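Summary of the model geometry
This is what each chain is made of:
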Amino acid sequence: MTDDAYLFLLDDASVRLGVSPAAVGDLACMETTAVRAWLEAQGSTPTAPELRLLPPEETGALPEGAERLPVPLSDEELSRVRQQSGPEVLARVERELLSYRDCADGRDDLIGRALAAGVSPHRIVELTGEDPATVTAAAAG
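This write-up is about the structure you can find in this document.

Each value, and the rule that gives it
Residues numbered from 1 in each chain as written. Predicted model: local features only at pLDDT ≥ 70, side-chain atom pairs only at ≥ 80, totals over all residues. Heavy atoms only, no water. Helix = DSSP H or I, 4+ residues; strand = E, 2+ residues; numbered from the N terminus. Buried < 20%, exposed > 50% of the residue type's maximum accessible area, 1.4 Å probe, protein only. Contact = heavy atoms within 4.5 Å. Axes fitted to C-alpha atoms, helices over the stretch in contact; angles between N-to-C directions. Parallel < 35°, antiparallel > 145°, perpendicular 65-115°, else oblique. Nonpolar A, V, L, I, M, F, W, Y, C, P; charged D, E, K, R; others polar. Arc of directions from axis to C-beta. Core = buried A, V, L, I, M, F, W, Y, C linked by side-chain atoms within 4.5 Å. Pairing = 2+ DSSP bridges. Salt bridge = Lys/Arg side-chain N within 4 Å of Asp/Glu carboxyl O. Lys, Arg positive; Asp, Glu negative; His and termini not counted.

**Considerations on the overall build of the chain**
Across its full length, the chain holds seven helices and three strands. Counting from the amino terminus, helix and strand elements in the chain follow one another as β-α-α-β-β-α-α-α-α-α. Out of the 141 residues belonging to the chain, those deemed buried represent 31%. Considering only contacts in the chain between residues 6 or more positions apart, those separated by 24 or more positions represent 74%.

Below is the structure:
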């Protein structure tokens, strides 16, 4: 595995592999002389449908013989590529998990406030989908 992401060209733009750099937003690497020269040598453009980008952990999926160029990405750019490169379902679920993490940090406090306000443990389970044991533990704590 490499630490670099890869720009590459697909022979068939209908193949779903990687992500279009244009879909990720501004990427510093796209403005470099190396990338511009590579695109020109390939007869391609930054918005060409056959131009794709894979994060480092997925470079093993690069088609053999595909024209490719390693490109460094910042952590923020890499995060955007990862969110866009998987199937839409994977990207959506990852966003939901991040959102859940943000909400779950205060879960026990919220359950405690609900109990203090008089919401029954059974109703908290219905509203939150939390395990009854979690609600019971919060009630005891």
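**Considering the packing of helix 5 (residues 107-117) against helix 7 (residues 132-140)**
Between helix 5 and helix 7, the shortest axis-to-axis distance is 9 Å and the interhelical angle comes to 70°. By the angle between their axes, helix 5 is roughly perpendicular relative to helix 7. Contacts from Arg107, Ile111 and Leu115 in helix 5 reach Thr134, Val135, Ala138 and Ala139 in helix 7. Within the contact of helix 5 with helix 7, the residues separate by chemical class into five nonpolar, one polar and one charged.

**So, helix 2 (residues 33-42)**
Within helix 2, the full set of buried residues consists of Val35, Trp38 and Leu39. In a view along the axis of helix 2, the buried residues occupy a sector of 100°, so they form one face of it. Exposed and facing more than 90 degrees away from the buried side of helix 2 are Thr33, Glu40 and Ala41. In this structure, the buried side of helix 2 is in contact with strand 1 (5-9), strand 2 (51-54) and strand 3 (68-71). Once helix 2 finishes, Gly43 follows within two positions and takes phi at roughly 70°, a positive value.

**Let's talk about the nonpolar core**
One finds Leu7, Met30, Leu51, Leu53, Val71 and Leu73 to be the most contacted residues of the largest nonpolar core, which totals 19 residues. Going through the elements one at a time, strand 1, helix 2, strand 2, strand 3 and helix 3 (75-85) are the ones with two or more residues in this core. If near-sequence neighbours (up to four positions away) are discounted, Leu51 is found in contact with Leu7, Phe8, Leu9, Val19, Ser20, Pro21, Met30, Trp38, Leu39, Thr45 and Pro46. Counting residues in each nonpolar core, the second largest holds six residues, with Tyr6, Leu10, Leu54 and Leu62 among its members.

**Things to note about the sheet that holds strand 1**
As summarised here, the arrangement of the three strands in space is 2-1-3, forming an open sheet in which the pairing is antiparallel. At either end of the open sheet lies a strand with only one pairing partner, and these are strand 2 and strand 3. Taking each pair of neighbouring strands and ignoring which way they run, the sheet shows an average axis angle of 25°.

**What to know about the pattern of salt bridges**
Within this structure, the stated rule accounts for three salt bridges. Where Glu57 meets Arg82, a salt bridge forms, and the shortest distance between an N and an O atom there is 2.7 Å. Taken as a pair, Glu57 in the loop between strand 2 and strand 3 and Arg82 in helix 3 lie far apart in primary sequence, 25 residues in all. Judged by relative accessible area, which is 36%, Arg82 ranks as partly exposed.

**Some remarks on the pairing of strand 3**
Side chains Leu69 and Val71 of strand 3 all project onto a buried face; the interleaved residues Arg68 and Pro70 project onto a face where none is buried. Of the strand pairs in this sheet, strand 1 and strand 3 are connected by four bridges, and their pairing is antiparallel. Looking across to strand 3, one finds that Phe8 is bridged to Arg68.

**Things to note about the side chain of Glu77**
The topology assignment puts Glu77 in helix 3. Although Glu77 is buried, it makes no salt bridge; Arg80 carries the closest opposite charge, 4.4 Å away. Sequence-distant contacts of Glu77, that is, excluding residues within four places in its chain, are made with Val24, Asp26, Leu27 and Ala28.

Just distances and angles here, no functional claims.
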